[in-house]
Amino acid sequence: MNIQELNEHFQHHYGDSAEALRAFYAPGRVNLLGDHTDYNGGLVLPSAIDYGTTLLVRRRSDKVVKLASRNFNLVAFLSAGELQQKYADHWINYPLGVIDQFRQRGIDIAGLDLLYSGDIPNGAGLSSSASVEVVTAFAINSLFELGLDALTLVQMAQAAENDFVGVNCGIMDQYASAMGQVGHVMKLDCGSLACEQVPVELGDFSFLIVNSNQRRELTESKYNERFSESRAALDVLQQSESVETLAQATLEQLQTHQEALGDMLYRRARHVVSEHNAVKKAAELLRNNDLVQFGALMDQSHVSMRDDYETSTSVLDALVDISRRQMGVLGARLTGAGFGGCVVVLIESAELPEFQKFVAQEYKDSTGLSADFYPVSLADGARELSA
Ligand code: GLA
């Protein structure tokens, strides 16, 4: 939906007002390498994509907050006293979590009409929720002239998800949504928050996202389970090693403590350490335009998520295997939290039509599901649009 149509929808929904109407946008992200490393203090390699959430917003003279979305049915009219309330499994927890973060800083956020509209497939691991959080944080910061910097807004968006929604996510998604730069990936150290924007010359190649359309079930609880397992592995290591995060450990240290860790925690830790190392290598490869080796790292990363971190599913494995067999594919892996969702493929652009044709058919034959294809470009992060 373009901004003009959204504008009309807003007027229709909320009526006229003398207050200015403003528009903000925050994209989703694709993570190219380094999953489940962020909350372990490790490196990630995401990029913002050209799919995202647009928010139209206007101040109100009373203290009511009205929330509506073009993507979901529920519309909420909340008085100031109702803003801390949570809604089971509901999208409005994302904006409410962000509003709550401002309130925790003593900033009274009330009196708003908000209309969201997004084109990121939901629950597909492309951070539609982070884009809603980030666009809300950016909009409120600007509307109330708070002057908070982008990193603070990112941290508030992450805290909204941790504290209000109840998912122990790391900072990657919110960071990528806010800080993306067109044509670049971010090599972000989630321990120090040092970030390098790495230019990517794709030449004759493209990144393609393939949505498995496998319903992500129990994702939040499984995600939090992996979070706890990583903490448990770190606890074991810290009994004899001076590491502050799992990503600081070496593969040798893990081997030394293999018995104390036990099979499962050892594999969890091995995934985190090897993914962290892979991102280090990957950034170098991208700088040297070595897409072939980069693709090989994507493949290895999928194996690590499948066997060690166990965030893949048989359906995602099938999609990755089918994708890899196609002409012109340099690498394929699941992207994001896993347990369903999307695969990202690095492919020769000329092969895209054939790829889609064959993968759609083979995937349907082997799983009964239909895949969706999203060619993506590496895009800019959150910003204000002209309303
Ligand atoms: C989700 C979380 C991120 C990150 C990824 C896995 O997207 O929100 O913080 O942990 O999973 O890499």
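Residues numbered from 1 in each chain as written. Predicted model: local features only at pLDDT ≥ 70, side-chain atom pairs only at ≥ 80, totals over all residues. Heavy atoms only, no water.

Caption draft 1: Structural view of the overall build of the chain. Looking only at helices and strands, one finds eleven helices and 14 strands in the chain. Relative to its length of 387 residues, the chain is compact, with a C-alpha radius of gyration of 21 Å against a globular reference of 21 Å. For the chain, the spread of C-alpha atoms along the principal axes amounts to about 65 × 55 × 40 Å. Each of the 387 residues in the chain was classed as buried or not, and the buried ones make up 57%. For the chain, the share of sequence-separated contacts (at least 6 apart) that also reach a separation of at least 24 residues comes to 73%. Between the averaged position of the 30 positive side-chain charges in the chain and that of its 51 negative side-chain charges there is a distance of 3 Å. (Helix = DSSP H or I, 4+ residues; strand = E, 2+ residues; numbered from the N terminus. Rg over C-alpha atoms; globule rule 2.2 N^0.38 Å. Buried < 20%, exposed > 50% of the residue type's maximum accessible area, 1.4 Å probe, protein only. Contact = heavy atoms within 4.5 Å. Lys, Arg positive; Asp, Glu negative; His and termini not counted. Charge placed at Lys NZ, Arg CZ, Asp CG, Glu CD.)

Caption draft 2: Region of the structure containing unusual backbone geometry. Despite not being glycine, S127 has its phi angle at roughly 65°, a positive value. Checked against the element boundaries, S127 lands in the loop between β6 (112-118) and α3 (128-143). Of note, F339 is a non-glycine position whose phi angle comes to about 60°, a positive value. Looking at where F339 falls in the secondary structure, it is placed in the loop between β10 (329-334) and β11 (342-348).

Caption draft 3: Examining the site of the ligand more closely. Around the ligand, the neighbouring residues are R29, D35, H36, D38, Y39, C169, G170, M172, D173, Y223, G336 and A337. H36 is positioned such that a nitrogen or oxygen atom in its backbone is 2.7 Å from an oxygen atom of the ligand. D38 places a polar side-chain atom, nitrogen or oxygen, 2.5 Å from an oxygen atom of the ligand. Here the ligand is seated within the largest pocket. Residue composition of the shell around the ligand, by class: five nonpolar, three polar and four charged. (Near = heavy atom within 4 Å. Polar contact = N/O pair within 3.5 Å; in protein donor to acceptor, adjacent residues only side chain to side chain. 1 Å grid on protein atoms, 1.4 Å probe; cavity = no way out; pocket = protein on both sides within 12 Å on 5 of 7 lines; lining within 4 Å. Sits in = over half its atoms within 2 Å of the grid points. Nonpolar A, V, L, I, M, F, W, Y, C, P; charged D, E, K, R; others polar.)

Caption draft 4: Up close: the side chain of Q174. Here Q174 is to be found in helix α5 (residues 172-179). Taking the relative accessible area as the measure of exposure, Q174 reaches 1% and is therefore buried.

Caption draft 5: Fine view of the pattern of salt bridges. Applying the stated criterion to the full structure yields 24 salt bridges. Note that D62 is salt-bridged to R60, the shortest N-O span being 2.8 Å. Classification of D62 by relative accessible area gives partly exposed; the value is 33%. Residue classification places R60 among the partly exposed residues on the basis of a relative accessible area of 21%. Between R287 and E284 there is a salt bridge whose closest N-O contact spans 2.6 Å. Taken together, the positions of R287 and E284, both in helix α8 (residues 258-287) and three residues apart, correspond to about one turn of that helix. Of the residues examined, R287 reaches a relative accessible area of 37% and is grouped as partly exposed. The exposure class assigned to E284 is partly exposed, which follows from its relative accessible area of 43%. (Salt bridge = Lys/Arg side-chain N within 4 Å of Asp/Glu carboxyl O.)

Caption draft 6: How the structure looks around the sheet that holds strand β7 (residues 184-189). Reading across the sheet, the three strands line up as β2-β7-β8 and stay open at both edges, with antiparallel pairing between neighbours. The open sheet terminates on both sides in strands that have one partner only, identified here as β2 (43-44) and β8 (195-199). Bridge count for β2 against β7 is two bridges, and the pairing is antiparallel. Its bridge partner lying in β7, V44 is registered against L188. Those strands touched by α5 are β2, β7 and β8, and its axis lies near 140° from that of β7. Of the strands in this sheet, β2, β7 and β8 are in contact with α8, which crosses β8 at around 40°. (Pairing = 2+ DSSP bridges. Axes fitted to C-alpha atoms, helices over the stretch in contact; angles between N-to-C directions.)

Caption draft 7: Looking closely at the layout of surface pockets. Counted as a void, the largest pocket has a volume near 1200 Å³. Among the elements of the structure, α2 (93-104), β6, α3, α4 (150-165), α5 and α6 (219-238) are those that each provide at least two residues to the lining of the largest pocket. If one sorts the elements of the lining of the largest pocket by residue count, α3 sits on top with five residues. Its residues placed into classes, the lining of the largest pocket shows 17 nonpolar, 19 polar and ten charged. (Points joined across faces, edges and corners; volume = space filled by probe spheres on them.)

Caption draft 8: Quick look at the side chain of T53. Tracing the chain through its elements places T53 in strand β3 (residues 46-59). Owing to a relative accessible area of 5%, T53 belongs among the buried residues under this scheme. Once you skip the residues sitting within four places of it in the chain, T53 turns out to touch F24, Y25, A26, Y116, S117, G118, I120, S128, S131, V132 and V135.

Caption draft 9: Quick look at the pairing of β3. β3 sits mainly inside the fold: twelve of its 14 residues count as buried. The pairing of strand β1 (residues 22-31) with β3 spans nine bridges and is classified as antiparallel. Paired with A26 across the strands is T53, a residue of β3. With two bridges connecting them, β3 and strand β13 (residues 378-379) associate as antiparallel partners. Looking at the pairing, A48 lines up with A379 of β13. With seven bridges connecting them, β3 and β6 associate as antiparallel partners. What sits directly across from R59, in β6, is L112.

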